[in-house]
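Listed below, chain by chain, are the residues.
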Amino acid sequence: MLSRYFHLLRTQRNFRLLWAAQCVSEMGDWFYSLSVYHLLLELTGGKAQAVGLAVVLQVLPQTLLAPTTGVLNDRLSRKAIMIGADVARFFIVLGMLLVRTPAMVWLVYPLLLLETVAASFFEPGRSGVIPNIVPRDEILTANSLSSITWSFCLATGAALGGLVAVKFGRDAVFLLNALSFLGSAWLIHRMRFAEPHAQGLPPLQVRDLVDFRPVLEGARYIRATPRLFITVFVKGGIGLLGANNVLLPIFGERIFPLKIAGVDPHRSAMLGMSLLMAARGAGALLGPLATGRWAGNRQSRLRVGIFFGFLCGSAGYLWLGSSGGLAVAVLAVVLAHAGSSSNWVFSTTLLQLYTEDRFRGRVFAADYGLCMLGISASSYLASVAIDLGVPVRTLAVAIGVVMLAPAAVWAIALRVTKGKGS
């Protein structure tokens, strides 16, 4: 698999630029997210709901905006949309520098909302262009590399982000993340590729933004193909693990602070949070590496792999809930997110193979929207439960049990659609 990744990067210039843009922006993202969560816990007196609300604002708008962002990504240049979203996020993230006291903590929430609005336009565009810039037989390789890169950025960004915040302060982290979006926009600007979905269409009119016919057309297209229809819901199942955005910071702060000589408890909690988030990234890195070679380009294996990915997510959080030490907790998080990362790659690849180019924006907007709905719901419910006194370990076990539901639904779907397609 490593040789295939290097070959892809060496021979496909457009993908190489898109990948480099991903590296730059996502490394900054994970520096940034950890600092935002820590800032909220510090300025609100440790309220888990402050983090839960932040997670909702980081993801739920992608569900609500999915019909609009999908249609626009199928009408306009996806490249232009991605560049515009990156430039917007540069200015939005700079606004975090204004949040310095409990009286200003309210500003975090509208800034997170605006940043998510920009991201909701960017992500369907990025997934939509991959089949246009790499050969069909390298789509799985491209998606695997993208997922591994996301995971590497999460692992290193979370680990280094904690250290940078402790050493240089949160302002340095916010500034680095803002600059990363400018770097991403510049790299995407250098890409040169055809966008057939936007050719020959009339100019976009204001009334088109409230015309729901393209949305309904996309919904009918998804519904007409059983395998496409069920695969769109896979990331919704992955989204049930979204409570980790609340649980892992709380585990790190309250249960597994990383105690080092000379480091005060406040910073020990920050380092514990950082290590568990890094474990999430390490698991997400290992998942596609371990399963990508096995799956190859066989759609049947991609589908079966999704079932086992859900089981890994369940087992990991059941194990986390009973973990007695930080090392065991790290291994449990690695297992859970190895499974969810494999599912992300496999479902994305299947959707790209199943979908015509002119519908990819709408399909991936629905795909991301369902995922973000699951993340926002699970994260906020977990934060409310923690503030009501439910032990965080109990919630981890509950998530492990809940993850059995999408595994069972997917197993039934495999039987219903068996023999249809390659």
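Everything below is about the structure printed above this text.
For the structure given in this document, a descriptive report is provided here. Model, not experiment: these values are computed from the prediction.

Structural notes on the overall build of the protein chain
Phase 1: Helices and strands together make up the secondary structure of the protein chain, namely 18 helices and zero strands.
Phase 2: The C-alpha radius of gyration computed for the protein chain amounts to 21 Å, which stays within 12% of the reference 22 Å derived for 422 residues, consistent with globular compactness.
Phase 3: Taken along its principal axes, the extent of the C-alpha atoms in the protein chain is 65 × 45 × 40 Å.
Phase 4: The buried share of the protein chain, reckoned over its 422 residues, is 58%.
Phase 5: A fraction of 86% describes how many contacts in the protein chain between residues 6 or more apart in sequence connect residues 24 or more apart.
Phase 6: Entry remark: accessible area of the protein chain is about 17,000 Å², with carbon and sulfur atoms responsible for 69%.
Phase 7: If the 37 positive side-chain charges of the protein chain are averaged to one point and the 20 negative ones to another, these points end up 7 Å apart.

Structural notes on the pattern of salt bridges
Phase 1: Under the counting rule described, the total for this entry stands at 11 salt bridges.
Phase 2: One salt bridge connects D357 with R78, and the closest N-O pair in it is separated by 3.3 Å. Of this pair, D357 sits in the loop between α15 (326-354) and α16 (360-387) while R78 sits in helix α5 (residues 78-94), placing them 279 residues apart in sequence.
Phase 3: We classify R78 as buried; its relative accessible area is 0%.
Phase 4: Of the charged contacts in the structure, one is a salt bridge between E217 and R362, with a shortest N-O distance of 3.3 Å. Of this pair, E217 sits in helix α9 (residues 213-224) while R362 sits in helix α16, and the two are 145 residues apart along the sequence.
Phase 5: Overlapping salt bridges bring together D74, R78, E217, E356, D357, R358, R360 and R362 as one network.

Topic: the packing of aromatic side chains
Phase 1: Taken as a whole and judged by the stated rule, the model has six aromatic pairs.
Phase 2: Summarising the aromatic geometry, the rings of F90 and F91 are spaced 4.9 Å apart at their centres and angled 75 degrees between planes, so their arrangement reads as edge-to-face.
Phase 3: Owing to a relative accessible area of 13%, F90 belongs among the buried residues under this scheme.
Phase 4: Aromatic side chains W344 and Y368 sit 5.8 Å apart centroid to centroid with 45 degrees between the ring planes, which places their arrangement in the tilted category. With W344 in helix α15 and Y368 in helix α16, this residue pair connects regions lying 24 residues apart in the sequence.
Phase 5: Taken together, W344, F364 and Y368 form an aromatic cluster joined through their ring pairs.
Phase 6: Against the face of F229 rests R223, its NZ or CZ located 4.9 Å from the ring centre.
Phase 7: If you follow K235 out to its NZ or CZ, it ends over the ring of W344, 4.8 Å from the centre.

Observations concerning the environment of G237
Phase 1: Counting through the fold element by element, G237 comes out in helix α11 (residues 234-238).
Phase 2: Once the C-alpha coordinates of G237 and S383 are considered, the two residues, 146 residues apart in sequence, prove to be 19 Å apart.
Phase 3: Excluding its chain neighbours within four sequence positions, the residues that come into contact with G237 are F310, M403 and P406.

Some thoughts on helix α1 (residues 2-11)
Phase 1: Of the residues making up α1, those classed as buried are Y5, L8 and L9. End-on view of α1: buried residues confined to an arc of 95 degrees, all on one side of the axis. Across from the buried face of α1, at angles greater than 90 degrees, the exposed residues are S3, F6 and R10.

Conventions adopted
Residues numbered from 1 in each chain as written. Predicted model: local features only at pLDDT ≥ 70, side-chain atom pairs only at ≥ 80, totals over all residues. Heavy atoms only, no water. Helix = DSSP H or I, 4+ residues; strand = E, 2+ residues; numbered from the N terminus. Rg over C-alpha atoms; globule rule 2.2 N^0.38 Å. Buried < 20%, exposed > 50% of the residue type's maximum accessible area, 1.4 Å probe, protein only. Contact = heavy atoms within 4.5 Å. Areas by Shrake-Rupley, 256 points an atom, 1.4 Å probe, with all protein chains shown as cover. Lys, Arg positive; Asp, Glu negative; His and termini not counted. Charge placed at Lys NZ, Arg CZ, Asp CG, Glu CD. Salt bridge = Lys/Arg side-chain N within 4 Å of Asp/Glu carboxyl O. Phe/Tyr/Trp six-rings, centres within 6.5 Å; stacked < 30°, edge-to-face > 60°. Lys NZ or Arg CZ within 6 Å of the ring centre and 35° of its normal. Arc of directions from axis to C-beta.

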